[in-house]
Amino acid sequence: MHHRGPGHAVQPGHRRRRRLHGRRRAMTDPTGTVRTRFCPSPTGTVHVGVMRAALYNWAYARHTGGTFVLRIEDTDAARNTAESERHLLDCLRWTGLDWDEGPEVGGPHGPYRQSERSDVYREVVAKLLSAGHAYESFSTPEEVTARRVAAGQDAKLGYDGADRFTTDAAKAAFRAEGREPVIRLQMPEADLSWVDHVRGEVRFAAGAVPDFVLVRGNGSPLYTLVNPVDDALMGITDVLRGEDLLPSTPRQLALYAALTDVGVATATPRFGHLPLVMGEGNKKLSKRDPQSDFDVYRERGFLPEGLVNYLALLGWSIADDRDVFSPEELAAAFDVDSVSANPARFDLKKAEAINATHLRALPVADFVARVTPFLTAAGLVTDPPTVEQQRVLEAIAPLAQERMIVLSEAVGLLAFLFVDEVEIDPAAAEKQLSGPESAEVLDAATDALTALDEWTTPALEAALKQALVEELGRKPRQAFGPVRVAVSGRTVSPPLYESMELLGRERTLARLAAARARTGT
RNA sequence: GCCCCCAUCGUCUAGCGGUCCAGGACGCCGCCCUUUCAAGGCGGUAGCACGGGUUCGAACCCCGUUGGGGGCACCA
């Protein structure tokens, strides 16, 4: 593979300018191989935007021959559950995003769950405090707001730095009245800027970001502390995350400078802020939106490689004339520096089209293996399938495969082959099984097929065409519509003759009779 | 309100100053194929938000306007 890790010569192309600007970085660039991370907070459903971020981190690590780290950010005990974490890991595995370090696989920088790292944070905070980068702050949120308002300012400006120089005596007095301080980082006086992988140089003016809280009054650490500390300790070189976190980057930069000063960090990672995944109506795809739940795609029978392909397309393209590719091709080609800065709307239609392409490209045996669990879950085939069920499945698979978008559709499309009596879709019956014309067609078909001695696809085709098209004079769509519905229960089915052959003479004739009875003539 | 990000077909994108009266994909429309529905093949529809610069030349660079989005917690 072509390695283009940081520190290497810049590649041709427009992204070069970002790298060149990078020369002006004030802080130390990471050196060595790329280390990316995915650090979800397991709080319930898995969001597609979050999985896209995981995918890009994985792909960048794989592309550069680097390391992909998984870390669980469960500092908010009230919102995180073991069940959610299991589910998250399961989603990652299903998607094929294997991690080199993290829960269940270990690694040299563990533990990889923040709930197990309290001692680490305590130690770091002590260093920050004694070096004067952080301080105890006794102001309550109400007091801060009151001060802003009194000064005629917008309360949204946030904390005002009033406690930076609280004396020991004053602290003692606050403690005496039962107050517990939060610990804040003292922000530097200089502008904070970085060269973003996706956006180029981004700059925040000095003073624009208030001293922020690192540790709660009750002593528990916050994300604002823990996330950069762990990135530093785990040697993360490239932080690729959603654009919604971009405004917090100045704080991280300031913290990194402090961490470097006290010897906890050796370098500041590069950042890449990925475009947001939008839902309908130009809004960030929220957790409330059913479209955002990663599970629904799995359950509908999206292929992992199909979903990976589509998710990768949300902000990136592999070439100007192609958009279908495998996870391996993604890993080989992916470069964060060519990720688009535009927000991307999740387009279900396109996701389905991409998935359908992958589905059709599957070797038949593979397709059968993947579709079987869906049929089993629906109670159509046993687990494992019987020899006969397997035979039918393998025979119909190539025909079914090319008319499906997701695996779950196999249930509706193939059910008729695995039951004695087919359940007829009312709308289909209304359309094809009512009136004397339908009765006539079904009668003619029944006669022709009863007389048929060879029950094969070519024989069935010849007999039906002869009886319905030639003798009855029906147009093909009028001739075969009723027969199709009678046999399969739907207006959409695998090819008719093949289906009838697989179904066998007895069940086919029984269904024609049953349908004939419904015509009401 | 303040800070930040973004701006090419309806959607996702290619485009990196001339090779662009802007390419691909999804969608949509039409035709072909055809036993339904698909698939497949062929063709079509549709876009550089606006205004100023810079330049011999701008979708591409700069500034502004407008529009959209995100963030402003003792959540992550």
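In this text, all values refer to a predicted model and were calculated from it rather than measured experimentally.

A. Seen up close, the overall build of chain A. A count of helical and extended segments in chain A gives 21 helices and 11 strands. Against the compact-globule benchmark of 24 Å for 521 residues, chain A has a radius of gyration of 31 Å, which places it well outside the compact range. In terms of its C-alpha atoms, chain A occupies a principal-axis envelope of roughly 105 × 55 × 45 Å. Relative to its full complement of 521 residues, chain A shows a buried share of 50%. Of the contacts made within chain A by residues no fewer than 6 positions apart, 77% connect residues no fewer than 24 positions apart. Element-wise, carbon and sulfur atoms account for 53% of the exposed surface of chain A, whose accessible area totals about 23,900 Å².

B. Just helix H7 (residues 223-233), in detail. Taking burial as the measure, the 11 residues of H7 include 9 buried ones, the bulk of the element. Here H7 has its buried residues at Thr224, Leu225, Val226, Asn227, Pro228, Val229, Asp230, Asp231 and Ala232. Packed against the buried residues of H7 are strand E1 (35-38), helix H4 (118-130), strand E7 (213-215), strand E8 (238-242) and helix H8 (249-261). Just downstream of H7 lies Gly235, where phi reads positive at about 65 degrees.

C. How the structure looks around the side chain of Glu136. Along the chain, Glu136 turns up in strand E3 (residues 134-137). At 2.7 Å, the side chain of Glu136 and the side chain of Arg175 are in polar contact. Setting aside residues no more than four positions away along its own chain, Glu136 makes contact with Asp163, Lys171, Arg175, Pro181 and Val182.

D. Up close: the nonpolar core. Leu414, Leu417, Phe418, Leu449, Leu468 and Val483 are the most contacted members of the largest nonpolar core, which totals 54 residues. Ranked by residues supplied to this core, first place goes to helix H19 (residues 476-488) with 6 residues. Counting residues in hydrophobic clusters, the runner-up holds 50 residues, among them Val48, Leu55, Leu97 and Leu311.

E. Fine view of the packing of helix H18 (residues 457-471) against helix H20 (residues 496-503). Where H18 meets H20, the closest approach of the two axes is 8 Å, and the angle between their N-to-C directions is 120 degrees. As summarised for this structure, H18 and H20 are arranged oblique, according to the angle between their axes. Relative to H20, H18 is oriented so that their crossing is right-handed. Of the residues in H20, those in contact with Thr457, Leu460, Glu461, Leu464 and Lys465 of H18 are Tyr497, Glu498, Met500 and Glu501. When grouped by side-chain class, the residues that make up the contact of H18 with H20 number 4 nonpolar, 1 polar and 4 charged.

F. Molecular detail of unusual backbone geometry. Residue Pro111 is reached from Gly110 by a cis peptide bond, and omega for that bond is -5 degrees. Along the chain, Pro111 turns up in the loop between helix H3 (82-95) and H4. For the bond from Asp383 to Pro384, the omega torsion is 0 degrees, close enough to zero to count as cis. Its location among the elements puts Pro384 in the loop between helix H13 (364-377) and helix H14 (387-401). Positive phi is not limited to glycine here, since Glu104 has a value of about 75 degrees.

G. Structural view of the pattern of salt bridges. All chains considered together, the criterion is met by 36 salt bridges. Among the salt bridges present, the one from Arg71 reaches Glu73, with a minimum N-O distance of 2.9 Å. By the burial criterion, Arg71 is buried, and Glu73 matches it. Close ionic contact of Lys284 with Asp244 constitutes a salt bridge, the shortest N to O distance being 3.5 Å. Of this pair, Lys284 sits in the loop between strand E10 (277-278) and helix H9 (294-300) while Asp244 sits in the loop between E8 and H8, placing them 40 residues apart in sequence.

H. Region of interest: the sheet that holds strand E4 (residues 182-185). Strand order across the open sheet formed by 3 strands is E3-E4-E7, with antiparallel pairing between neighbours. Looking at the sheet topology across the chains shown, the edges are occupied by E3 and E7. Neighbour-to-neighbour, the strand axes of this sheet turn through a mean angle of 45 degrees, independent of strand direction. Sheet analysis places E3 next to E4, joined by 4 bridges and oriented antiparallel. The residue bridging Glu136 from the neighbouring strand is Ile183, located in E4.

I. Quick peek at the confidence of the model for chain A. Overall, the prediction assigns chain A a mean pLDDT of 90, with 95% of residues at 70 or greater. Note that pLDDT drops below 50 for residues 1-26; the model gives that stretch 45 contacts with residues more than four away or on any other chain. Predicted as a complex, the structure gets a pTM of 0.92 and an ipTM equal to 0.95.

J. Geometry of the pairing of strand E5 (residues 192-196). When you tally the buried positions in E5, you get 4 out of 5 residues, the bulk of the element. Note that E5 and strand E6 (residues 200-204) share 5 bridges and pair antiparallel. What sits directly across from Val195, in E6, is Glu201. Linking E5 back to E6 in an antiparallel pair, the connection comprises 3 residues.

Rules used in this analysis
- Here, residues in each chain are numbered from 1, in the same order as that chain's written sequence.
- Whichever chain is written first becomes A and whichever ligand is written first becomes 1, with later ones labelled in order.
- Only residues with pLDDT of at least 70 get local features here, since the model is predicted, and only at 80 or more are side-chain atom pairs given and counted; chain-wide, interface and lining totals rely on the full set of residues.
- Values shown for side chains rest on all heavy atoms present in the structure; no hydrogens or waters enter the calculation.
- Here a helix means four or more residues in a row that DSSP labels H or I, a strand means two or more in a row labelled E, and each is numbered from the N terminus.
- We take the radius of gyration over the C-alpha atoms and set the globule estimate at 2.2 Å times the residue count to the 0.38 power.
- Each residue's exposure class comes from its accessible area (1.4 Å probe, protein chains only) as a fraction of the maximum for that residue type: buried when under 20%, exposed when over 50%, partly exposed otherwise.
- The criterion used for residue contact is that any of the two residues' heavy atoms lie within 4.5 Å.
- Reported accessibility uses the Shrake-Rupley method at a 1.4 Å probe radius. Residues are deemed covered only where the shown protein chains occlude them.
- Two N or O atoms count as a polar contact when they lie within 3.5 Å, although within protein this holds only if one can serve as hydrogen donor and the other as acceptor, and sequence-adjacent residues are included solely when both atoms are side-chain atoms.
- Put simply, buried Ala, Val, Leu, Ile, Met, Phe, Trp, Tyr and Cys residues joined by side-chain atoms within 4.5 Å make one nonpolar core.
- Note on definitions: angles span 0 to 180 degrees between N-to-C directions of axes, and those axes are lines fitted to C-alpha atoms, for helices only across the stretch in contact.
- Should an angle fall under 35 degrees it is called roughly parallel, over 145 degrees roughly antiparallel, and 65 to 115 degrees roughly perpendicular, with every other angle called oblique.
- Definitions for this section: a left-handed crossing has its near helix turned counterclockwise from the far helix by less than a right angle. A right-handed crossing has that turn clockwise.
- Polar here means any residue outside two lists: the nonpolar Ala, Val, Leu, Ile, Met, Phe, Trp, Tyr, Cys and Pro, and the charged Asp, Glu, Lys and Arg; Gly therefore counts as polar.
- Between Lys or Arg on one side and Asp or Glu on the other, a salt bridge is scored when a side-chain nitrogen of the former is within 4 Å of a carboxyl oxygen of the latter.
- The pairing criterion is simple: DSSP has to find at least two bridges between the two strands.
- pLDDT expresses how confident the predictor is about each individual residue, on a scale running from 0 to 100.

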